[in-house]
Amino acid sequence: MIGYFTRRFLLIIPTFIGITMAVFLIMNFVPGGPVERQIMQYKEAVAKRGGGRAVDTGLPPEAIEEMRHYYGFDKPVTTRYGMWLWNVVHLNLGQSYIYQDPVWDVIKSRFPVSMFLGLTGFFLSYLVCIPLGVFKAIRHGSRFDLLSSLVVFLGYSIPGWALGTALLVLLGGGSFWNLFPLGGFRPSNWEYLNFFEKVAAQIHYMFLPVLCYMIESFATLTILMKNSLMENLGQDYVRTAYAKGLGERRVIFVHALRNSLIPIATGLGGEISIILAGSFLIEKVFNIDGMGYLGYTSILQRDYPVALGILVISSLLLLVGNILSDMIYVLVDPRIRFK
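Description of the structure in this document. (Residues numbered from 1 in each chain as written. Predicted model: local features only at pLDDT ≥ 70, side-chain atom pairs only at ≥ 80, totals over all residues. Heavy atoms only, no water.)

## Some thoughts on the overall build of the chain
Across its full length, the chain holds 15 helices and zero strands. Out of the 339 residues in the chain, the part that is buried amounts to 41%. Looking at the chain alone, contacts between residues at least 24 apart form 72% of all its contacts between residues at least 6 apart. Of the roughly 19,400 Å² that the chain leaves accessible, carbon and sulfur atoms contribute 66%. (Helix = DSSP H or I, 4+ residues; strand = E, 2+ residues; numbered from the N terminus. Buried < 20%, exposed > 50% of the residue type's maximum accessible area, 1.4 Å probe, protein only. Contact = heavy atoms within 4.5 Å. Areas by Shrake-Rupley, 256 points an atom, 1.4 Å probe, with all protein chains shown as cover.)

Have a look at this one:
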(Lines give C-alpha, C1' and ligand atoms only; values in the text may rest on other atoms or scores of the structure.)
Protein backbone atom coordinates (compact mmCIF):
# COMPACT_ATOMS: atom_id res chain seq x y z
CA MET A 1 0.00 0.00 0.00
CA ILE A 2 2.79 2.45 0.93
CA GLY A 3 4.66 1.54 -2.24
CA TYR A 4 1.57 2.25 -4.36
CA PHE A 5 1.06 5.73 -2.96
CA THR A 6 4.80 6.45 -3.18
CA ARG A 7 4.72 5.63 -6.90
CA ARG A 8 1.60 7.78 -7.33
CA PHE A 9 3.34 10.76 -5.72
CA LEU A 10 6.44 10.23 -7.85
CA LEU A 11 4.27 10.13 -10.99
CA ILE A 12 3.17 13.69 -10.20
CA ILE A 13 6.54 14.96 -11.47
CA PRO A 14 6.41 13.68 -15.10
CA THR A 15 2.67 14.33 -15.32
CA PHE A 16 3.12 17.91 -14.15
CA ILE A 17 5.96 18.44 -16.63
CA GLY A 18 3.83 17.06 -19.47
CA ILE A 19 0.84 19.28 -18.63
CA THR A 20 2.84 22.47 -18.23
CA MET A 21 5.02 21.81 -21.28
CA ALA A 22 2.00 21.31 -23.54
CA VAL A 23 0.27 24.47 -22.32
CA PHE A 24 3.51 26.48 -22.43
CA LEU A 25 4.14 25.52 -26.05
CA ILE A 26 0.56 26.31 -27.08
CA MET A 27 0.66 29.71 -25.39
CA ASN A 28 3.95 30.66 -27.01
CA PHE A 29 2.83 29.74 -30.51
CA VAL A 30 -0.59 31.43 -30.33
CA PRO A 31 -0.48 34.79 -32.16
CA GLY A 32 -1.12 38.05 -30.34
CA GLY A 33 1.48 37.74 -27.58
CA PRO A 34 2.74 40.56 -25.34
CA VAL A 35 5.15 41.91 -28.00
CA GLU A 36 2.40 42.11 -30.60
CA ARG A 37 0.10 43.78 -28.07
CA GLN A 38 2.72 46.41 -27.26
CA ILE A 39 3.24 47.13 -30.96
CA MET A 40 -0.51 47.44 -31.52
CA GLN A 41 -0.92 49.81 -28.56
CA TYR A 42 1.95 51.95 -29.86
CA LYS A 43 0.40 52.16 -33.32
CA GLU A 44 -3.00 53.12 -31.89
CA ALA A 45 -1.43 55.83 -29.72
CA VAL A 46 0.53 57.28 -32.67
CA ALA A 47 -2.54 57.22 -34.91
CA LYS A 48 -4.62 59.10 -32.33
CA ARG A 49 -1.85 61.65 -31.86
CA GLY A 50 -1.75 62.23 -35.60
CA GLY A 51 -5.36 63.40 -35.61
CA GLY A 52 -6.33 61.43 -38.67
CA ARG A 53 -3.29 62.53 -40.71
CA ALA A 54 -1.13 59.93 -42.41
CA VAL A 55 1.73 59.16 -40.02
CA ASP A 56 4.34 56.44 -39.75
CA THR A 57 3.14 54.05 -37.05
CA GLY A 58 5.96 51.55 -37.48
CA LEU A 59 8.51 50.69 -34.81
CA PRO A 60 12.22 50.39 -35.60
CA PRO A 61 13.53 46.82 -35.61
CA GLU A 62 15.84 47.64 -32.71
CA ALA A 63 12.89 48.56 -30.50
CA ILE A 64 11.04 45.38 -31.43
CA GLU A 65 14.11 43.29 -30.70
CA GLU A 66 14.52 45.02 -27.35
CA MET A 67 10.92 44.16 -26.43
CA ARG A 68 11.47 40.55 -27.46
CA HIS A 69 14.53 40.48 -25.22
CA TYR A 70 12.59 42.04 -22.32
CA TYR A 71 9.88 39.35 -22.51
CA GLY A 72 12.42 36.60 -23.19
CA PHE A 73 11.14 35.76 -26.68
CA ASP A 74 14.63 36.05 -28.18
CA LYS A 75 15.47 32.62 -26.73
CA PRO A 76 14.30 29.21 -28.04
CA VAL A 77 11.01 28.01 -26.60
CA THR A 78 12.65 24.99 -24.93
CA THR A 79 15.12 27.26 -23.18
CA ARG A 80 12.31 29.53 -22.00
CA TYR A 81 10.36 26.57 -20.67
CA GLY A 82 13.43 25.24 -18.84
CA MET A 83 14.01 28.65 -17.23
CA TRP A 84 10.34 28.94 -16.27
CA LEU A 85 10.28 25.42 -14.78
CA TRP A 86 13.48 26.14 -12.82
CA ASN A 87 11.86 29.24 -11.33
CA VAL A 88 8.69 27.28 -10.46
CA VAL A 89 10.79 24.68 -8.62
CA HIS A 90 12.19 27.59 -6.58
CA LEU A 91 8.62 28.85 -5.92
CA ASN A 92 9.01 31.79 -8.27
CA LEU A 93 6.06 32.11 -10.66
CA GLY A 94 7.45 35.20 -12.38
CA GLN A 95 6.02 38.69 -12.78
CA SER A 96 2.74 39.66 -14.41
CA TYR A 97 2.96 41.50 -17.73
CA ILE A 98 -0.24 43.45 -17.01
CA TYR A 99 -0.16 44.11 -13.27
CA GLN A 100 3.65 44.42 -13.00
CA ASP A 101 3.52 42.52 -9.71
CA PRO A 102 4.76 39.06 -8.73
CA VAL A 103 2.35 36.41 -10.02
CA TRP A 104 1.89 34.90 -6.58
CA ASP A 105 0.77 38.26 -5.16
CA VAL A 106 -1.71 38.70 -8.02
CA ILE A 107 -3.18 35.21 -7.48
CA LYS A 108 -3.11 35.38 -3.69
CA SER A 109 -5.47 38.35 -3.54
CA ARG A 110 -8.09 36.44 -5.61
CA PHE A 111 -7.68 33.09 -3.90
CA PRO A 112 -10.10 33.66 -0.95
CA VAL A 113 -12.88 34.75 -3.32
CA SER A 114 -12.76 31.55 -5.40
CA MET A 115 -12.31 29.41 -2.29
CA PHE A 116 -15.42 30.94 -0.69
CA LEU A 117 -17.48 30.39 -3.84
CA GLY A 118 -16.13 26.88 -4.40
CA LEU A 119 -16.46 25.63 -0.82
CA THR A 120 -19.98 27.00 -0.46
CA GLY A 121 -21.13 25.39 -3.71
CA PHE A 122 -19.32 22.15 -2.86
CA PHE A 123 -20.88 21.66 0.58
CA LEU A 124 -24.36 22.71 -0.55
CA SER A 125 -24.16 20.30 -3.49
CA TYR A 126 -23.43 17.34 -1.23
CA LEU A 127 -25.94 18.45 1.43
CA VAL A 128 -28.71 18.62 -1.18
CA CYS A 129 -27.78 15.84 -3.60
CA ILE A 130 -27.15 13.01 -1.14
CA PRO A 131 -30.55 13.24 0.65
CA LEU A 132 -32.28 13.82 -2.69
CA GLY A 133 -30.60 10.78 -4.23
CA VAL A 134 -31.52 8.64 -1.21
CA PHE A 135 -35.15 9.75 -1.33
CA LYS A 136 -35.32 9.12 -5.09
CA ALA A 137 -33.98 5.59 -4.59
CA ILE A 138 -36.53 4.86 -1.85
CA ARG A 139 -39.37 6.31 -3.95
CA HIS A 140 -38.13 4.88 -7.26
CA GLY A 141 -40.81 5.00 -9.95
CA SER A 142 -43.06 7.35 -8.00
CA ARG A 143 -44.32 10.72 -9.24
CA PHE A 144 -41.73 12.48 -7.10
CA ASP A 145 -38.95 10.43 -8.70
CA LEU A 146 -40.13 11.25 -12.22
CA LEU A 147 -40.62 14.97 -11.59
CA SER A 148 -37.32 15.34 -9.75
CA SER A 149 -35.52 13.44 -12.55
CA LEU A 150 -36.97 15.91 -15.04
CA VAL A 151 -35.62 18.83 -13.00
CA VAL A 152 -32.25 17.13 -12.47
CA PHE A 153 -31.67 16.37 -16.15
CA LEU A 154 -32.91 19.80 -17.17
CA GLY A 155 -30.30 21.30 -14.88
CA TYR A 156 -27.67 18.92 -16.25
CA SER A 157 -28.35 20.08 -19.81
CA ILE A 158 -27.83 23.77 -18.95
CA PRO A 159 -24.24 24.96 -18.41
CA GLY A 160 -23.70 26.96 -15.25
CA TRP A 161 -22.60 30.11 -17.09
CA ALA A 162 -25.64 29.96 -19.40
CA LEU A 163 -27.97 29.58 -16.42
CA GLY A 164 -26.21 32.54 -14.79
CA THR A 165 -26.83 34.73 -17.84
CA ALA A 166 -30.52 33.79 -17.89
CA LEU A 167 -30.91 34.38 -14.15
CA LEU A 168 -29.30 37.81 -14.40
CA VAL A 169 -31.73 38.78 -17.16
CA LEU A 170 -34.71 37.49 -15.17
CA LEU A 171 -33.73 38.48 -11.63
CA GLY A 172 -30.95 41.05 -11.99
CA GLY A 173 -32.96 44.15 -12.79
CA GLY A 174 -33.22 43.71 -16.54
CA SER A 175 -36.63 43.48 -18.19
CA PHE A 176 -38.16 41.51 -15.30
CA TRP A 177 -37.47 41.45 -11.53
CA ASN A 178 -34.77 43.34 -9.66
CA LEU A 179 -34.13 40.82 -6.87
CA PHE A 180 -30.36 40.28 -7.04
CA PRO A 181 -27.33 42.40 -7.98
CA LEU A 182 -25.92 42.15 -11.49
CA GLY A 183 -22.55 41.01 -10.23
CA GLY A 184 -19.72 41.49 -7.80
CA PHE A 185 -18.62 39.63 -4.71
CA ARG A 186 -19.72 42.09 -2.02
CA PRO A 187 -21.50 45.47 -1.82
CA SER A 188 -19.44 48.65 -1.96
CA ASN A 189 -20.40 49.63 1.61
CA TRP A 190 -19.17 46.33 3.07
CA GLU A 191 -16.89 47.98 5.67
CA TYR A 192 -19.78 49.94 7.18
CA LEU A 193 -22.10 46.95 7.74
CA ASN A 194 -22.49 45.12 11.02
CA PHE A 195 -22.12 41.35 11.31
CA PHE A 196 -25.72 40.40 10.51
CA GLU A 197 -25.89 42.89 7.65
CA LYS A 198 -22.69 41.41 6.21
CA VAL A 199 -24.14 37.90 6.37
CA ALA A 200 -27.33 39.02 4.63
CA ALA A 201 -25.40 40.98 1.99
CA GLN A 202 -23.03 38.07 1.30
CA ILE A 203 -25.96 35.68 0.82
CA HIS A 204 -27.67 38.23 -1.43
CA TYR A 205 -24.61 38.56 -3.67
CA MET A 206 -23.61 34.90 -3.67
CA PHE A 207 -27.02 33.25 -4.11
CA LEU A 208 -27.06 33.19 -7.92
CA PRO A 209 -23.33 32.37 -8.43
CA VAL A 210 -23.49 29.50 -5.93
CA LEU A 211 -26.67 28.19 -7.56
CA CYS A 212 -24.94 28.16 -10.95
CA TYR A 213 -21.87 26.55 -9.41
CA MET A 214 -24.00 23.78 -7.87
CA ILE A 215 -25.88 23.01 -11.08
CA GLU A 216 -22.69 21.67 -12.70
CA SER A 217 -22.47 18.75 -10.25
CA PHE A 218 -26.09 18.60 -9.07
CA ALA A 219 -27.35 16.01 -11.55
CA THR A 220 -24.23 13.85 -11.44
CA LEU A 221 -24.19 13.53 -7.66
CA THR A 222 -27.93 12.98 -7.36
CA ILE A 223 -28.16 10.22 -9.98
CA LEU A 224 -24.93 8.60 -8.75
CA MET A 225 -26.28 8.51 -5.20
CA LYS A 226 -29.63 7.08 -6.33
CA ASN A 227 -28.15 4.38 -8.57
CA SER A 228 -25.56 3.38 -5.97
CA LEU A 229 -28.15 3.00 -3.23
CA MET A 230 -30.53 1.07 -5.49
CA GLU A 231 -27.73 -1.31 -6.42
CA ASN A 232 -26.92 -1.96 -2.75
CA LEU A 233 -30.58 -2.41 -1.84
CA GLY A 234 -30.64 -5.38 -4.21
CA GLN A 235 -27.64 -7.10 -2.61
CA ASP A 236 -27.83 -10.28 -0.53
CA TYR A 237 -26.73 -8.64 2.71
CA VAL A 238 -29.72 -6.27 2.53
CA ARG A 239 -32.14 -9.15 2.02
CA THR A 240 -30.48 -10.92 4.94
CA ALA A 241 -30.95 -7.85 7.13
CA TYR A 242 -34.65 -7.76 6.22
CA ALA A 243 -34.92 -11.50 6.94
CA LYS A 244 -33.51 -10.90 10.43
CA GLY A 245 -36.42 -8.56 11.12
CA LEU A 246 -34.57 -5.24 10.95
CA GLY A 247 -36.65 -2.19 10.16
CA GLU A 248 -36.52 -0.54 6.75
CA ARG A 249 -35.02 2.67 8.13
CA ARG A 250 -32.19 0.80 9.86
CA VAL A 251 -31.46 -1.36 6.81
CA ILE A 252 -31.27 1.65 4.48
CA PHE A 253 -29.47 4.19 6.63
CA VAL A 254 -27.18 1.91 8.63
CA HIS A 255 -26.33 -0.94 6.26
CA ALA A 256 -26.94 0.10 2.64
CA LEU A 257 -26.16 3.81 2.80
CA ARG A 258 -22.55 3.46 3.93
CA ASN A 259 -21.61 1.23 1.01
CA SER A 260 -23.56 3.50 -1.34
CA LEU A 261 -21.45 6.49 -0.31
CA ILE A 262 -18.25 4.92 -1.65
CA PRO A 263 -18.60 6.31 -5.23
CA ILE A 264 -19.54 9.71 -3.79
CA ALA A 265 -16.65 9.78 -1.33
CA THR A 266 -14.03 8.78 -3.86
CA GLY A 267 -14.81 11.87 -5.92
CA LEU A 268 -14.02 14.25 -3.07
CA GLY A 269 -10.32 14.45 -3.86
CA GLY A 270 -10.85 15.42 -7.48
CA GLU A 271 -13.12 18.29 -6.42
CA ILE A 272 -10.23 20.12 -4.72
CA SER A 273 -8.95 21.75 -7.90
CA ILE A 274 -12.47 22.89 -8.84
CA ILE A 275 -13.07 24.32 -5.38
CA LEU A 276 -9.86 26.31 -5.15
CA ALA A 277 -9.17 27.24 -8.76
CA GLY A 278 -12.58 28.79 -9.38
CA SER A 279 -14.86 28.64 -12.38
CA PHE A 280 -13.73 30.74 -15.34
CA LEU A 281 -17.07 31.44 -16.99
CA ILE A 282 -19.26 31.70 -13.88
CA GLU A 283 -16.94 34.28 -12.33
CA LYS A 284 -16.88 36.11 -15.66
CA VAL A 285 -20.69 36.18 -15.95
CA PHE A 286 -21.13 37.50 -12.40
CA ASN A 287 -18.05 39.76 -12.55
CA ILE A 288 -16.50 38.11 -9.48
CA ASP A 289 -12.82 38.91 -9.25
CA GLY A 290 -11.59 35.45 -8.32
CA MET A 291 -8.98 33.08 -9.72
CA GLY A 292 -11.29 31.91 -12.50
CA TYR A 293 -11.95 35.43 -13.75
CA LEU A 294 -8.24 36.24 -13.38
CA GLY A 295 -7.34 33.23 -15.52
CA TYR A 296 -9.91 34.23 -18.14
CA THR A 297 -8.60 37.79 -18.45
CA SER A 298 -4.96 36.61 -18.37
CA ILE A 299 -5.55 34.38 -21.39
CA LEU A 300 -7.29 37.16 -23.31
CA GLN A 301 -4.58 39.69 -22.45
CA ARG A 302 -1.79 37.18 -23.10
CA ASP A 303 -0.50 37.59 -19.55
CA TYR A 304 1.38 34.31 -19.78
CA PRO A 305 3.01 34.29 -16.30
CA VAL A 306 -0.36 34.66 -14.53
CA ALA A 307 -2.10 32.08 -16.74
CA LEU A 308 0.74 29.61 -16.20
CA GLY A 309 0.77 30.35 -12.46
CA ILE A 310 -2.92 29.43 -12.23
CA LEU A 311 -2.18 26.31 -14.29
CA VAL A 312 0.56 25.30 -11.83
CA ILE A 313 -1.79 25.61 -8.86
CA SER A 314 -4.80 23.92 -10.47
CA SER A 315 -2.81 21.04 -12.00
CA LEU A 316 -1.00 20.27 -8.73
CA LEU A 317 -4.29 20.36 -6.85
CA LEU A 318 -5.84 17.99 -9.41
CA LEU A 319 -2.94 15.54 -9.25
CA VAL A 320 -2.84 15.52 -5.45
CA GLY A 321 -6.64 15.34 -5.36
CA ASN A 322 -6.63 12.14 -7.44
CA ILE A 323 -4.29 10.52 -4.91
CA LEU A 324 -6.47 11.81 -2.09
CA SER A 325 -9.46 10.12 -3.77
CA ASP A 326 -7.68 6.77 -3.54
CA MET A 327 -6.91 7.41 0.13
CA ILE A 328 -10.56 8.22 0.84
CA TYR A 329 -11.51 5.06 -1.04
CA VAL A 330 -9.37 2.99 1.34
CA LEU A 331 -10.77 4.74 4.43
CA VAL A 332 -14.39 4.23 3.35
CA ASP A 333 -13.94 0.62 2.23
CA PRO A 334 -11.20 -1.18 4.23
CA ARG A 335 -11.44 -4.15 1.84
CA ILE A 336 -9.67 -2.16 -0.85
CA ARG A 337 -5.97 -2.92 -1.21
CA PHE A 338 -3.91 -1.09 -3.81
CA LYS A 339 -0.83 -2.92 -5.10
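## Let's talk about the layout of surface pockets
Size it by volume and the largest pocket reaches roughly 580 Å³. Forming the boundary of the largest pocket are 21 residues, of which Tyr71, Gly72, Trp84, Tyr97 and Pro305 lie nearest the centre. Of all the elements in the fold, those that place two or more residues in the lining of the largest pocket are helix 1 (2-29), helix 3 (61-71), helix 4 (77-89) and helix 15 (304-332). Per-class residue counts for the lining of the largest pocket are 11 nonpolar, eight polar and two charged. Together, 13 residues line the second largest pocket, and Val88, Val89, Leu91, Val312 and Leu316 are the ones closest to its centre. (1 Å grid on protein atoms, 1.4 Å probe; cavity = no way out; pocket = protein on both sides within 12 Å on 5 of 7 lines; lining within 4 Å. Points joined across faces, edges and corners; volume = space filled by probe spheres on them. Nonpolar A, V, L, I, M, F, W, Y, C, P; charged D, E, K, R; others polar.)

## Observations regarding a nonpolar patch on the surface
Judged by side-chain polarity, Leu10, Ile13, Ile17, Met21, Leu25 and Phe29 come together as a nonpolar surface patch covering roughly 570 Å² of accessible area. Structurally, the position occupied by Leu25 is in helix 1. Note on Leu25: relative accessible area 32%, which makes it partly exposed. (Patch = residues over 30% accessible without salt bridge, like charges linked within 9 Å, V, L, I, M, F, W, Y side chains within 5 Å. Salt bridge = Lys/Arg side-chain N within 4 Å of Asp/Glu carboxyl O.)

## Concerning the environment of Ala307
Mapped onto the secondary structure, Ala307 falls in helix 15. A sequence separation of 12 residues divides Ala307 from Gly295, and the C-alpha atoms of the two residues are 5.5 Å apart.

## Things to note about the side chain of Lys226
Inspection of the secondary structure assignment puts Lys226 in helix 8 (residues 195-233). The class for Lys226 is buried, based on a relative accessible area of 8%. Those residues within four positions of Lys226 in sequence are excluded, and the remaining contacts are Gly133, Lys136, Ala137, His140 and Asp145.

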